[in-house]
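One letter stands for each residue in the lines below.
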Amino acid sequence: MRIFCIGRNYAEHARELANAVPDSPVVFMKPETCIVPDGESIPFPSHGKDLHHEAEVVLEIGRAGKNICESDARNHLRSIGLGLDLTLRDIQTTLKEKGLPWEKAKAFDASAPLGPLIPVTEDLDLANIHFTCTVNQSVRQQGHTADMLFSIPTLVAYLSRIWCLQPHDLIFTGTPAGVAALHPGDTIELTGPQLPRAAWTLS
Ligand code: ZN
């Protein structure tokens, strides 16, 4: 199983980090060992200081596919939920400046908290999913999949041209604006009308 992550998929978030809006999806990966199930505590990483929450809709592949058409993409999805692409922004900024890979900023232990997943049913409109990230009960991020630069079917099709997607692969679909720093003791909660709630506490 692999974890694919999409960067800069919401224009306002790209702007808040002074990044150009991309003309094709920005893709990076995290190892499976980064996942933290709902409710567990997240250790604050020791190799950086500026830990940011990035709330994201997460897709799970159910059916293998290479060169998937956008019109067929949802048939390859099994389930969907909410997760966090935790990012050490200070480390990432240094790596970006030097043109180095992002793993130390994005793919460290416990960097992929993953909430419960529910089946992708026929009545779920993938372009109309709302989600909210709160930290200590104050709202930090509000996302709507209609605002994605690259829609869910486009992402599945795009990734499948490079990698043969496999059952259980996960796709973190990018974060909306509002990313900000976390501190030990913070409780991060993800909610949305269509997707299961999830929460974690930083230790
Ligand atoms: Zn992200």
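Presented here is a report on the structure given in the accompanying data block. All values derive from a computational prediction rather than experimental measurement. Each chain has its residues counted from 1, running along the sequence as written. Totals for whole chains, interfaces and linings use every residue, but because this is a predicted model, local features are given only for residues with pLDDT of at least 70 and side-chain atom pairs only at 80 or more, for both listing and counting. To obtain the side-chain values, all non-hydrogen atoms of the structure were used and water was disregarded.

**A few points about the coordination of the zinc ion**
Each metal site lists N, O and S donors within 2.8 Å (3.2 Å for Na, K and Ca). With water left out of the atoms, a site can look as if it is missing ligands. Those donors, Glu54 (OE), Glu56 (OE) and Asp85 (OD), are the protein atoms that reach the zinc ion, and they lie 2.0 to 2.1 Å from it. Sequence spacing among the residues donating to the zinc ion works out to E-x1-E-x28-D. For the pair Glu54 and Glu56, one class covers both residues: buried. When a residue's accessible area, from a 1.4 Å probe over protein chains only, is under 20% of the maximum for its type it is buried; when over 50% it is exposed; and in between it is partly exposed.

**Digging into the nonpolar core**
The criterion is simple. A nonpolar core is a set of buried Ala, Val, Leu, Ile, Met, Phe, Trp, Tyr and Cys residues joined through side-chain atoms within 4.5 Å. Ranked by size, the top nonpolar core spans 45 residues in total, and within it Val57, Leu59, Leu77, Ile80, Leu126, Val156 and Ile171 carry the most contacts. Where helices and strands are cited, they refer to DSSP runs of H or I of at least four residues and of E of at least two residues respectively, numbered from the N terminus. For this core, the secondary structure elements donating two or more residues are β1 (3-7), β6 (55-61), β7 (77-84), α2 (89-98), β11 (130-135), α4 (152-162), β14 (187-191) and β15 (198-202). Those residues within four positions of Leu77 in sequence are excluded, and the remaining contacts are Leu59, Glu60, Ile61, Gly62, Val120, Leu126, Ile152 and Val156. Judged by nonpolar contacts, the second largest core, of 10 residues, contains Cys5, Cys34, Val58 and Leu114. A contact between two residues is defined here by any heavy atoms of the two lying within 4.5 Å.

**What about the side chain of Ser160?**
Mapped onto the secondary structure, Ser160 falls in helix α4. Here Ser160 is in contact with Gly65, Lys66, Asn67, Ile68 and Leu165, once residues within four sequence places are set aside.

**Structural notes on the sheet that holds β11**
The strands making up a sheet associate through hydrogen bonds between their backbones, and the pairing can be parallel or antiparallel. At least two bridges found by DSSP between two strands are what make those strands a pair. As summarised here, the arrangement of the 5 strands in space is β4-β15-β14-β11-β12, forming an open sheet in which the pairing is mixed. Edge positions in the sheet fall to β4 (41-42) and β12 (138-144), since each has one partner strand and no second.

**Side note on the pairing of β7**
The buried fraction of β7 is high, at 7 of 8 residues. One ladder, built from 7 bridges, connects β6 with β7; its direction is antiparallel. Following the sheet pairing, Val58 is matched in β7 by Gly81. Bridge analysis of β7 against strand β10 (residues 118-119) gives 2 bridges, and the strand direction is antiparallel. Pairing of Ile80 across the sheet is with Ile118, part of β10.

**Some details on α2**
For α2, the set of buried residues is Arg89, Ile91, Gln92 and Leu95. Viewed along the axis of α2, the buried residues span an arc of 155°, placing them on a single side of the element. Away from its buried face, by an angle of more than 90 degrees, α2 presents the exposed residues Glu97 and Lys98. Positive backbone phi, at 70°, marks Gly99, one or two positions downstream of α2. In this description, the arc belongs to the directions extending from the helix axis to the C-beta atoms.

**Regarding α4**
Along α4, the residues that are buried comprise Ile152, Thr154, Leu155, Val156, Ala157, Leu159 and Ser160. The inward-facing, buried residues of α4 contact β1, β2 (26-30), β6, β7 and β13 (170-172).

**A look at the pattern of salt bridges**
What makes a salt bridge here is a side-chain nitrogen of Lys or Arg within 4 Å of a carboxyl oxygen of Asp or Glu, nothing more. Applying the stated rule across the entire model yields 7 salt bridges. With its nearest N and O atoms 2.8 Å apart, the salt bridge here joins Arg89 to Glu54. With a gap of 35 residues between them, Arg89 in helix α2 and Glu54 in the loop between β5 (51-52) and β6 connect regions that are remote in the sequence. Neither residue differs from the other here; Arg89 and Glu54 are each classed as buried. Among the salt bridges present, the one from Lys106 reaches Asp85, with a minimum N-O distance of 2.8 Å. Linking Lys106 in helix α3 (residues 103-106) with Asp85 in the loop between β7 and β8 (87-88), this pair joins segments that are 21 residues apart in sequence. Taking relative accessible area as the criterion, Lys106 reaches 3% and is therefore assigned buried. For Asp85, a relative accessible area of 0% gives the class buried. Connected via shared salt-bridge partners are Lys30, Glu54, Asp85, Arg89 and Lys106.

Read these as spatial facts, not as claims about activity.
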